[in-house]
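Coordinate analysis (summary)
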Amino acid sequence: MSYLDKKYGLNGKTAIITGGGGTLCSAIAEGFACAGANIILWDIRPDAMKEKADVIAKACGDNKKVSFVEVNLMEEDSIAKALEKSIKIYGSVEILLNGAGGNRGKGPLVDVKTEDFEFVMKLNLLAGCILPTKHIAKYWIDNKIKGSVINIASMAGYNPLSGIWAYSSAKAAVMNQTMGHAKELAKYGIRVNAIAPGFFIADQNRKLLLNDDGTPTQRGKDVLAKTPMGGFGLPEYLTGATIFLASDAAQFVTGVTLPIDGGYLCDNI
Ligand SMILES: NC(=O)c1ccc[n+]([C@@H]2O[C@H](COP(=O)([O-])OP(=O)(O)OC[C@H]3O[C@@H](n4cnc5c(N)ncnc54)[C@H](O)[C@@H]3O)[C@@H](O)[C@H]2O)c1
């Protein structure tokens, strides 16, 4: 085995990737599979997972390494059942990538609908971070597995983006909980980190950032003007950092949120 495979490779590990039917998390899953891990996609959309699983299997050249389990992360019973099924597939689970999330509604603060706010908070904070970690950390503690959790935060977590109040609140809380969970679980050898992607074109934000002809909307132009490296992110830009955080190379790294944003956060005048 090469030095890099030994240090950064994910051979012998199994990763659950929530939101695995979506744009960014399926790309991360592909990276993990190509780095040697078994992959179990978790999502509420089985058709999307089937499609992504085929792509990932082709990319890593082994369809036995890729599975998927349907789950509604808003429901704890559903998470518990999905975990039970998942452990049976490859015998154990060592990595959790908490990627499910998204936004609903955008507008002035004075027009915020409580039900939309509650839905988005629940999706990104409870379903997208706390509940899967709660269940999988319990399984790891009971089985003495030194697992690794990777959460997905956002630029909106550092400095709220206009009009998306609940999403910004939830992603700030994801960074807060990344540190809290890291401290709480360190004594079991469990690490908890996060990435904070900049602006990546995905189904959930395509209309916000791009016109039908592919040119940037005004909001897209505003983002590009604040991104020193230029351009929107591509999903594969997330694989290097997530493989590192999941690997034994990061064995003393916990509680950090790593921005992958083309410099958006260090923009100045
Ligand atoms: N695209 C970006 O620019 C960007 C930037 C920063 C952070 N993020 C975050 O990255 C993550 C992935 O985003 P994406 O852009 O790939 O979005 P996406 O919509 O393509 O993926 C999200 C996935 O979550 C799944 N999901 C939603 N509700 C669920 C539920 N109740 N149970 C199980 N699965 C559920 C969806 O079916 C979908 O496949 C999200 O947490 C998002 O907030 C995205």
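Shown above is the structure to which this text applies.
A brief look at the structure comes next. Keep in mind the model is a prediction, meaning the values are calculated, not measured. (Residues numbered from 1 in each chain as written. Predicted model: local features only at pLDDT ≥ 70, side-chain atom pairs only at ≥ 80, totals over all residues.)

On to the overall build of the protein chain. Secondary structure summary: the protein chain contains 9 helices and 7 strands in total. Its C-alpha atoms give the protein chain a radius of gyration of 18 Å, within 12% of the compact-globule value 18 Å for 269 residues. Taking all 269 residues of the protein chain together, 44% fall into the buried category. Sequence-distant contacts, at least 24 apart, represent 73% of the contacts inside the protein chain between residues at least 6 apart. (Helix = DSSP H or I, 4+ residues; strand = E, 2+ residues; numbered from the N terminus. Rg over C-alpha atoms; globule rule 2.2 N^0.38 Å. Buried ≥ 20, exposed ≤ 12 C-beta atoms within 10 Å, placed from the backbone. Contact = placed C-beta atoms within 7 Å.)

Now for the nonpolar core. Grouped burial of nonpolar side chains is what soluble globular proteins tend to show. Membership of the largest hydrophobic core comes to 68 residues, with the highest contact counts inside it found for Ala15, Ile17, Ile28, Ala29, Phe32, Ile39 and Leu41. No other element matches the 9 residues that helix α5 (residues 114–142) contributes to this core. Once residues within four sequence positions are removed from consideration, Phe32 is found in contact with Leu10, Ala15, Ala37, Ile39, Ile243 and Ala246. (Core = buried A, V, L, I, M, F, W, Y, C linked by C-beta atoms within 7 Å.)

Let's shift gears to the site of the ligand. If you check the shell around the ligand, you find 30 residues, and the closest are Gly19, Gly22, Leu24, Gly101 and Ala202. Looking at the shell around the ligand, the elements with two or more residues in it are α2 (23–34) and α5. Each residue belonging to the shell around the ligand can be placed in one class, and the counts come to 15 nonpolar, 12 polar and 3 charged. (Near = placed C-beta within 6 Å. Nonpolar A, V, L, I, M, F, W, Y, C, P; charged D, E, K, R; others polar.)

Residue Leu126 marks the point of greatest curvature in α5, where the axis turns by about 45 degrees. Looking one or two residues beyond α5, the residue adopting positive phi is Lys144, at roughly 55 degrees. (Bend = angle between axes of the 7 residues up to and from the residue.)

With that out of the way, let us pick up the pairing of strand β7 (residues 257–260). Of the two faces of β7, only one is covered, namely that formed by Thr257 and Pro259; the face formed by Leu258 and Ile260 stays uncovered. In terms of strand pairing, strand β6 (residues 191–197) meets β7 through 4 bridges, oriented parallel. Following the sheet pairing, Pro197 is matched in β7 by Ile260. (Pairing = 2+ DSSP bridges.)

Here we take up the pairing of β6. Of all 7 residues in β6, 7 are buried, a share of seventy percent or more. Of the two faces of β6, the one holding Arg191, Asn193, Ile195 and Pro197 and the one holding Val192, Ala194 and Ala196 are both buried throughout. Bridging between strand β5 (residues 148–152) and β6 involves 5 bridges; their strand directions are parallel. Looking at the pairing, Ser148 lines up with Arg191 of β6. Traced from β5 through helix α6 (residues 165–185) to β6, the parallel crossover comes out right-handed. (Right-handed = clockwise from strand over helix to strand, strands pointing away.)

Here we come to the sheet that holds β6. Strand order in the open sheet formed by 7 strands is β3-β2-β1-β4-β5-β6-β7, with parallel pairing between adjacent strands. On the outer flanks of this sheet lie β3 (66–70) and β7, each paired with one strand and no other. The sheet shows a mean angle of 20 degrees between the axes of neighbouring strands, taken without regard to direction. Bridge analysis of strand β4 (residues 95–98) against β5 gives 4 bridges, and the strand direction is parallel. (Axes fitted to C-alpha atoms, helices over the stretch in contact; angles between N-to-C directions.)

Attention shifts here to unusual backbone geometry. It is generally the case that most residues other than glycine have a negative phi and that most peptide bonds are trans. One non-glycine residue, Lys144, lies in positive phi territory at about 55 degrees. Looking at the secondary structure, you find Lys144 in the loop between α5 and β5. Lys144 sits in the exposed class, given 8 other C-beta atoms within 10 Å.

So, about the packing of α2 against helix α3 (residues 46–60). α3 packs onto α2 with a crossing angle of 30 degrees between their chain directions and a minimal axis gap of 9 Å. Classified by the angle between their axes, α2 and α3 sit roughly parallel to one another. Crossing of α2 over α3 shows right-handed handedness. Contact residues: Ser26, Ala29, Glu30, Ala33 and Cys34 in α2; Lys52, Ile56, Ala59 and Cys60 in α3. In terms of residue class, the contact of α2 with α3 is built from 6 nonpolar, 1 polar and 2 charged. (Parallel < 35°, antiparallel > 145°, perpendicular 65-115°, else oblique. Left-handed = near helix turned anticlockwise from the far one by under 90°.)

Looking now at helix α4 (residues 76–90). For α4, which comprises 15 residues, the first-to-last C-alpha distance of 22 Å matches the rise-based estimate of 21 Å (1.5 Å per residue) to within 8%. Among the residues making up α4, those that are buried are Ile79, Ala82, Leu83 and Ser86. Projected onto a plane normal to the axis of α4, the buried residues spread over an arc of 105 degrees and lie on a single side. Pointing more than 90 degrees away from the buried face of α4 are the exposed residues Asp77, Glu84 and Lys88. Looking at the buried side of α4, the elements it contacts are β1 (14–18), β2 (38–43), β3 and α5. Downstream of α4 by a residue or two, Gly91 has a phi angle that is positive, lying close to 95 degrees. (Expected span 1.5 Å × (residues − 1). Arc of directions from axis to C-beta.)

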